[in-house]
Amino acid sequence: MTDLPQQTQRQLGLVIDLDTCVGCHACVVSCKGWNTENYGAPLSDQQPYGADPSGTFLNRVHSYELTPETGPAQLVHFPKSCLHCADAPCVTVCPTGASYKRVEDGIVLVNESDCIGCGLCAWACPYGARELDLAEGVMKKCTLCVDRIYNENLPERDREPACVRTCPAGARHFGDLGDPDSAVSALVAERGGMDLMPEQGTRPVNKYLPPRPKDQIDEQVDILAPLLTPVAEEPKGFLGWLDRALDKL
Amino acid sequence: MHPAPSIILFTTLSGLGFGLLFWLGIDPTPPTGWVAFAFFAIAFALSLGGLAFSAGHLGRPERALKAFTQWRSSWLSREAWAAAATLIMAGLYAAPLVFVGTTFLPLGWVTGLLALATIGTTSMIYTQLKTVPRWHHASTPALFLAYALAGGALMSGRVTVAIPLLLVTGALQVWVWWDGDRRLARSGTDMNTATGLSGQVRAFEPPHTGSNYLLREMVFVVGRKHALKLRIIALVLGAALPVVLLLMPFGHWLAALAVLSHVAGVLTARWLFFAEAEHVVGLYYGKR
């Protein structure tokens, strides 16, 4: 049923640290690697080695140039995947019931055998989190690695989403954002975690931590600077003569 | 949004078909025999043809029947039900008209109401999308209904009704274009709310060097270059020319020409409806 649950027992999701992300795209690669051979249909590529390569990805990293009111511009790397919204508009538009939000943990999933590939859920998502797989004709999206996080065949440290597990910078965190005492909730509270496009009313579970303010150079801090002022304004001696002689030529 | 031919043909043809069914349904003195057959055949061909085209937009058309299951929450599912119900009722109403010549008006009224509901549900598929501020507005169902009613009146030969309806539709369309151009800005969604970053945000690098499904499907910016010319063409063909043709002494050839011109105009307007619609996901790519 594509009605959304009133509330979910847990709200599993990601916290993404825009301050720490170095934009290496390792999460993109590990996501594609895990999800192309596990839950559901593979993530196909079209012309991967051809003139116009494209493919299905559940996680993509954008990069933005941010120019603050004062101070120099900075580069912000911006990973984006499904935000597992509490009011997920992608779920309610689905005509077949293929899209649903799980009551037990809040994960938004697609039952691929019910998906007719109409694409309306991708239209309803403001974040571009859903992509229609061109080979399979069904909608693909982040599953929060539902086949890893509960997988008892994996060592315990691997029971988190592939993107989180692989991030070399520690910019991605996984946990229950519905539990105010969880580590991710504490992180969100401490760093001022924010929603993307809050005006869309989707109430995303995933939170983004804004870049920390950069140090500002208010005044001259280099103590050697006074010593670097030019010592001789006018060249004297042989160099002075050479300078004047060359000027006259 | 990508102006997919399948969806443009679907909304245009099914809109005309259900518009025609509305007028046939509420006609107090409906045609009978071969004339009724011709009218209903055209209406069925248009509405069913439109629905068939919509299947062309599906990744898995063989599962299309599953779309009937979620009528409680999904406008697309409601549209499937409304369309099926209209066609069944119209068939029940038309059969005695064509074969026996007897009229059972209440069935016609139900057909007319259901036809309106179908057009309404089609438009709600687009209106419900908060992600496309240009569509997320009460004027979207109004415009879909206006086009369908004007087109239906034109096709069923109701000259005196068609002329004012065409004029109203044209005027409404002009206002929707004018107002629609301002809706994205009015929605409050911009690159700052998209990224949560304050300051001036510029898309520096896209995630991939190539294109992707999102860009192909929802970030269509090519057609906006000729938008003004196409708007004028849509208005002239869709409303102005048919009104002029209808004002001339009535003849079947002129009426057919008016219908053809109207259909071409609606197709152009519908192309613009999709091509000009800005999906907010484009902001993540620094595009409108």
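Bear in mind that the values here come from a model prediction, so they are computed numbers and not experimental data. (Residues numbered from 1 in each chain as written. Chains lettered and ligands numbered in written order. Predicted model: local features only at pLDDT ≥ 70, side-chain atom pairs only at ≥ 80, totals over all residues. Heavy atoms only, no water.)

(A) Fine view of the interface of chain A and chain B. Listed by partner, the interface residues are 60 residues for chain A and 60 residues for chain B. Approximately 4,800 Å² of surface area, both sides summed, lies buried where chain A meets chain B, with 58% of it carried by carbon and sulfur atoms. By the criterion of area lost to chain B, the three top residues of chain A are Tyr64, Ile116 and Trp123 of chain A, representing 17% of everything that side buries. Applying the counting criterion to the chain A and chain B interface returns three salt bridges. Here Glu136 of chain A makes a salt bridge to Arg60 of chain B, at a shortest N to O gap of 3.2 Å. Our enumeration of links across chain A and chain B arrives at 28 residue pairs in polar contact (both at pLDDT 80 or more). For the side of chain A that touches chain B, the secondary-structure elements that each account for two or more residues are β4 (59–67), β5 (74–81), α3 (120–124) and β8 (131–132) of chain A. Considering every element that reaches the side of chain A that touches chain B, the biggest residue donor is β4 of chain A, with eight residues. (Contact = heavy atoms within 4.5 Å. Buried area = accessible area lost by both parts, 1.4 Å probe. Salt bridge = Lys/Arg side-chain N within 4 Å of Asp/Glu carboxyl O. Polar contact = N/O pair within 3.5 Å; in protein donor to acceptor, adjacent residues only side chain to side chain. Helix = DSSP H or I, 4+ residues; strand = E, 2+ residues; numbered from the N terminus.)

(B) Spotlight on the domain arrangement of chain B. All names here are of chain B. Annotation of chain B at the domain level lists domain 1 (1–128) and domain 2 (157–202 + 210–288). For domain 1 versus domain 2, the separation of C-alpha centres amounts to 23 Å. At the interface, 13 residues of domain 1 touch 18 residues of domain 2. Contact between domain 1 and domain 2 buries roughly 1,500 Å² in total, counting both sides, with carbon and sulfur atoms accounting for 72%. Where domain 1 meets domain 2, there are one salt bridge. For Arg158, the salt bridge goes to Asp27, with nearest N and O atoms at 3.0 Å. Remark: the boundary between domain 1 and domain 2 carries seven residue pairs in polar contact (both at pLDDT 80 or more). Broken down by element, the residue count for the side of domain 1 that touches domain 2 peaks at seven residues, all from helix α1 (residues 5–26). (Domains from an automatic or database assignment.)

(C) Layout of empty space enclosed by the protein. Residues and elements named next belong to chain B. All chains considered together, the criterion is met by ten cavities of 30 Å³ or more. Empty space within the largest cavity amounts to approximately 160 Å³. Along its surface, the largest cavity is lined by 17 residues, and Leu143, Gln173, Val176, Trp177 and Phe273 are the ones closest to its centre. Its residues placed into classes, the lining of the largest cavity shows nine nonpolar, four polar and four charged. (1 Å grid on protein atoms, 1.4 Å probe; cavity = no way out; pocket = protein on both sides within 12 Å on 5 of 7 lines; lining within 4 Å. Points joined across faces, edges and corners; volume = space filled by probe spheres on them. Nonpolar A, V, L, I, M, F, W, Y, C, P; charged D, E, K, R; others polar.)

(D) The arrangement of the sheet that holds β5 of chain A in detail. Ordered in space as β5(A)-β4(A)-β1(B), the three strands form an open sheet in which the pairing is antiparallel. Each end of this open sheet is capped by a strand with a single partner; those strands are β5 of chain A together with β1 (200–205) of chain B. Pairs of neighbouring strands in the sheet enclose a mean axial angle of 35°, with direction left out of account. Bridging between β4 of chain A and β1 of chain B involves five bridges; their strand directions are antiparallel. What sits directly across from Leu66 of chain A, in β1 of chain B, is Val201 of chain B. (Pairing = 2+ DSSP bridges. Axes fitted to C-alpha atoms, helices over the stretch in contact; angles between N-to-C directions.)

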